[in-house]
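# Fold and contact review
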Amino acid sequence: MMALLEIDDLHVAYGKVEAVKGVSFSVEAGQVVTLIGTNGAGKTSTMRTLSGLLKPAAGQVLFDGERIDGRPAHEIVALGLAHSPEGRRIFPRMTIEENLLLGAYLRRDGDGIDKDVARAYDMFPVLGERRGQAAGTLSGGEQQMLAMGRALMSRPRLLLLDEPSMGLSPIMTRQVMTTVAELRREGMTILIVEQNALAALALADHGHVMETGRLVLSGPASELLHDEEVRKAYLGED
Ligand code: ATP
């Protein structure tokens, strides 16, 4: 069976700086796969290329058998791949609800959209309580939740989550990870980049360790969690 996402020998460069140097891996439908690694390893560059925000220098990306590398982001979203980006990429002057609805801009099923907005508020109650307020008034962590809620509003077949726990308190990190675990139980396919390697490996099926633009270690997440090198380098153990 063909994987939902197939990445083959992907290269990404910023001018002469090669950030991704030949990365290949796949994500099967229903799997949660995590990319972990140090700062500057090329994880975000990989994610931005998958969602069409960057054009690869070489290599190819297949989504459900169709080539998507180099295609514009809006076409990729329409195919069912949604990206919850790193940082606070929400629209600060628009309300929380307007930000969520932007995620559904390609949909025409009003009832389904209402249901999904309600679901986002169930998932993240703070968003519901403040739905009419400008999104810029949310804390960094809450904005991260809004970005994730907005990505889900397109009902994606593949959700890309880039550092969903960035800037979050331990309690909020747990809440976001619980949400990811719930989505996983519902059968959603997720590719997640995380600085919190322990949390990401605990809920993923498969993991890849990235260093200076290359994958240096790949395997079932449960194995990586017990790998001595991974524990030393990414889980803060001596
Ligand atoms: P982090 O966890 O710190 O976000 P990362 O693994 O996501 O790291 P990237 O953000 O993909 O890594 O960066 C990979 C490399 O590409 C780094 O050396 C970075 O400095 C470089 N880079 C990223 N964005 C740009 C850019 N717009 N212009 C030039 N170089 C860039």
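Before reading on, note that the structure itself is shown above.
It should be emphasised that the depicted structure is a prediction, and the values quoted were computed from it without experimental measurement.

Take unusual backbone geometry next. Phi angles above zero are rare outside glycine, and Arg155 is one such case at about 50°. A relative accessible area of 48% means that Arg155 is categorised as partly exposed. Residue Glu163 is not a glycine yet carries a positive backbone phi of 50°. Along the chain, Glu163 falls in the loop between strand S7 (158-162) and helix H7 (170-185). Since its relative accessible area comes to 6%, Glu163 is described here as buried.

A few words now on the packing of helix H6 (residues 140-152) against H7. For the pair H6 and H7, interaxial distance at closest approach is 10 Å and the crossing angle is 10°. It follows that H6 is roughly parallel to H7 by the angle criterion. Considering only the axes of H6 and H7, their crossing is left-handed. Contacts between H6 and H7 pair Gly141, Glu142, Met145, Met148 and Leu152 from the former with Met172, Gln175, Val176, Thr179, Val180 and Leu183 from the latter. Counted by class, the contact of H6 with H7 contains seven nonpolar, three polar and one charged residues.

Procedures and definitions
- For every chain, the first residue of its written sequence is number 1, and the numbers climb from 1 along that sequence.
- In keeping with the model being predicted, local features are shown solely for residues with a pLDDT of at least 70 and side-chain atom pairs are shown and tallied solely at 80 or more, while totals for entire chains, interfaces and linings include all residues.
- Hydrogens are left out, water is left out, and the side-chain values use all remaining heavy atoms of the structure.
- Exposed residues in this analysis have more than 50% of their type's maximum accessible area, buried residues have under 20%, and partly exposed residues fall in between, with area computed by a 1.4 Å probe over protein chains only.
- Segments assigned H or I by DSSP are reported as helices when at least four residues long, segments assigned E as strands when at least two residues long, and all are numbered from the N terminus.
- Axes here refer to lines fitted to C-alpha atoms; in helices the fit is confined to the stretch in contact. Angles between the N-to-C directions go from 0 to 180 degrees.
- For this classification, under 35 degrees means roughly parallel, over 145 means roughly antiparallel, 65 to 115 means roughly perpendicular, and everything else is oblique.
- Each crossing gets its hand from how the near helix is turned against the far one by less than a right angle, where anticlockwise is left-handed and clockwise is right-handed.
- In what follows, a contact means two residues having at least one pair of non-hydrogen atoms within 4.5 Å.
- The classification used treats Ala, Val, Leu, Ile, Met, Phe, Trp, Tyr, Cys and Pro as nonpolar, Asp, Glu, Lys and Arg as charged, and all other residues, Gly among them, as polar.

Any functional reading would require information beyond the geometric quantities listed.
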